[in-house]
Amino acid sequence: MRLLHTSDWHLGQTLHNHDRTYEHQCFLDWLLDIIVLERPDALLVAGDVFDTANPSAASQKQLYRFLQQARTRAPLLDIVIIAGNHDSPGRLEAPAPLLEAYGTTVVGHVARRRDGEIDLERLIVPLHDAAGEVAAWCIAVPFLRPGDVPRLAPPEPVAPATEAPPPDPYLNGIALLYQQVFALAKARCEDGQVVVAMGHCHMVDGQASLDSERRIVIGGTEALPAAMFDPAIAYAALGHLHLAQRVGQKEQVRYSGSPLPLSFSEVAYQHQVLRVDLIDGAVKVEPLLVPRAVDLLRVPAQPAPLEEALAALAALDLEDLPLPAQPFLEVRVLLDAPEPGLRGRVEAAIAGKPVRLAKIEPTRKHNGAGEAGTVLSLEQLAQIQPDDIFRRLYRQKFGDEAPPDQLSAFAELMLPGAHGDDA
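Residues numbered from 1 in each chain as written. Predicted model: local features only at pLDDT ≥ 70, side-chain atom pairs only at ≥ 80, totals over all residues. Heavy atoms only, no water.

### Considering the sheet that holds strand β1 (residues 2-6)
In step 1: Spatially, the six strands line up as an open sheet ordered β6-β5-β4-β1-β13-β14, and their pairing is mixed. Edge positions in the open sheet fall to β6 (104-107) and β14 (282-289), since each of these has one partner strand only. The sheet shows a mean angle of 20 degrees between the axes of neighbouring strands, taken without regard to direction.
In step 2: Two strands pair when backbone bridges link them, and strand β13 (residues 272-279) and β14 are joined in this way by eight bridges, in the antiparallel orientation. Note on β14: the bridge partner recorded for D277 is K284.
In step 3: Against the sheet, helix α1 (residues 21-38) contacts β1, β4 (42-46), β13 and β14, and its axis sits at roughly 170 degrees relative to β1. (Pairing = 2+ DSSP bridges. Helix = DSSP H or I, 4+ residues; strand = E, 2+ residues; numbered from the N terminus. Axes fitted to C-alpha atoms, helices over the stretch in contact; angles between N-to-C directions. Contact = heavy atoms within 4.5 Å.)

### Digging into the confidence of the model for the protein
In step 1: A residue-level look at the protein finds 84% of positions with pLDDT of 70 or above and a mean pLDDT of 87.
In step 2: Long-range and interchain partners of residues 368-374, a stretch whose pLDDT sits below 50, account for seven contacts in this model, where long-range means more than four residues apart.
In step 3: Throughout residues 416-423 the model reports pLDDT below 50, and contacts reaching past four residues in sequence, or to other chains, amount to three contacts. (pLDDT = per-residue confidence, 0-100.)

### Here we look at the environment of C189
In step 1: With respect to the helices, strands and loops of the structure, C189 is situated in the loop between α5 (169-188) and β9 (194-200).
In step 2: Those residues within four positions of C189 in sequence are excluded, and the remaining contacts are W137, V194 and V195.

### Focus: the pattern of salt bridges
A pair can form between side chains of opposite charge whenever their charged atoms are brought close.
In step 1: Under the defined criterion, the tally for this structure stands at 17 salt bridges.
In step 2: With a shortest N-O distance of 2.7 Å, E330 and R298 are connected by a salt bridge. You can see E330 sitting in strand β16 (residues 328-335) and its partner R298 sitting in strand β15 (residues 296-305), a full 32 residues away along the chain.
In step 3: When its relative accessible area of 1% is taken as the criterion, E330 is described as buried.
In step 4: For R298, a relative accessible area of 28% puts it in the partly exposed group.
In step 5: The residue E307 makes a salt bridge to R345 at a minimum N-O spacing of 2.7 Å. Separated by 38 residues along the polypeptide, E307 in helix α6 (residues 306-314) and R345 in helix α7 (residues 342-349) bring together distant segments of the chain.
In step 6: On the basis of relative accessibility, which here comes to 52%, the residue E307 falls in the exposed class. (Salt bridge = Lys/Arg side-chain N within 4 Å of Asp/Glu carboxyl O. Buried < 20%, exposed > 50% of the residue type's maximum accessible area, 1.4 Å probe, protein only.)

### Notes on the sheet that holds strand β8 (residues 134-140)
In step 1: Strand order in the open sheet made by the six strands is β7-β8-β9-β10-β12-β11, with mixed pairing throughout. With partners counted over all chains shown, the strands left at the sheet margins are β7 (124-128) and β11 (245-247), one partner each. For this sheet, the mean angle separating the axes of adjacent strands, direction not counted, is 30 degrees.
In step 2: Across three bridges, the pairing between strand β10 (residues 235-239) and strand β12 (residues 250-255) is parallel. Following the sheet pairing, A237 is matched in β12 by R254.
In step 3: Relative to β8, α5 is tilted by about 165 degrees, and along the sheet it contacts β7, β8 and β9.

### With respect to empty space enclosed by the protein
Remark: the empty space left among the atoms is shown by a probe the size of a water molecule rolled over them.
In step 1: Scanning the model with the defined rule gives two cavities of 30 Å³ or more in all.
In step 2: Volume-wise, the second largest cavity comes out at about 30 Å³.
In step 3: Every residue lining the second largest cavity is listed: F50, T52, P55, D87, S88, R91 and L92.
In step 4: Tallied by class, the residues present in the lining of the second largest cavity amount to three nonpolar, two polar and two charged. (1 Å grid on protein atoms, 1.4 Å probe; cavity = no way out; pocket = protein on both sides within 12 Å on 5 of 7 lines; lining within 4 Å. Points joined across faces, edges and corners; volume = space filled by probe spheres on them. Nonpolar A, V, L, I, M, F, W, Y, C, P; charged D, E, K, R; others polar.)

### Examining the nonpolar core
In step 1: Grouped together as the largest cluster of nonpolar side chains are 58 residues, with contacts concentrated most on L127 and F229.
In step 2: Counting residues per element, this core draws most heavily on α5, at eight residues.
In step 3: With sequence-adjacent residues up to four places away left out, F229 is seen in contact with Y178, A197, M203, A236, L238 and V253.
In step 4: Of all hydrophobic cores here, the second largest spans 29 residues; its members include L63, L67, A70 and V273. (Core = buried A, V, L, I, M, F, W, Y, C linked by side-chain atoms within 4.5 Å.)

### Looking at the packing of α6 against α7
In step 1: Look at α6 against α7: their axes get within 8 Å of each other, and the N-to-C directions meet at 25 degrees. On the basis of the axis angle, α6 is roughly parallel to α7. Together, L306, E307, L310, L313 and A314 of α6 and L342, R345, V346 and A349 of α7 make up the contact between the two elements. (Parallel < 35°, antiparallel > 145°, perpendicular 65-115°, else oblique.)

Written out as structure tokens, the structure reads:
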């Protein structure tokens, strides 16, 4: 069968207070055409459908219109949507009974039965082939909060000499839930049927965008290993990271990434939807590149002194486009001292040009001996987390990425109570 894997639409997002409805609509219109052209059996949307837990009426209407049009243009298409960490599980699931009429299954949260055990059945969705027969079972696991995962049994007491750190109940609970749901889905498989998985999570070694991805758990302890997915899972469709990438170099465990750049740090990303063909136990993944409806410009390409930056802005020669299609602009200025009139001078340099000023990024030169480069801006510092600082310092000192064992050790140090009672 053929799948389309997408995620992280972030409908309703604004870029530094600029509305992006036009860009999202261009993507959804393109995706409808791709559905007709590629004739997939299922569309998997792996979370962060909306940018906030309380999306606007306009962004909700945008989603529901797309689902209705997808059903009209591809009547046999199965659509599975899971909630991400930006989504409100209840709000996303509220219209589920109506959406079922359009071939759409929405899983927003993990439900528990009266006995307190997780209802695994509602996390398994059948996917049908062109003949209408069940060809795969989809493990549809939304973003998991600590209260959503199975409760682990307390570890057996051990001698002090062999005592090991207790397992992290959140990470191990997530792995256990996937094992339980996979076992149930696998038991349903008949000849020729396969299991695919969906998840919204941060995997170990996943490359994140600091400017636009909300951290799930402070300290980096949310990172999950690729081994969490059973080798018998034909394909794992992931959401949360905005850069399309494989996980652990595994062809069948992928992030599709976001369909448009959600911050200026994502300007160089190749935004895409993944076409996944499952044939005779093999998987073939092809990226379908999403056309960029609106450009994001960083001028100058690297932070430069103010006069040089203003000259680059004055030299901009841009196509005359209607306002919704005009590019967004980030101005990157290297300063020796505060510049009170900075914004006014930038606005004067671009006056009359068909461009929207989204952000001025001032950076300051280092003054300390032996230091080089530039420091982070205040906005970037507000986003950074302790493990990000650790990674940066490791690269600065050793010229390479921090190895996984060092990152794991640092994450363990950041756990509550790791420093003892006197910390």
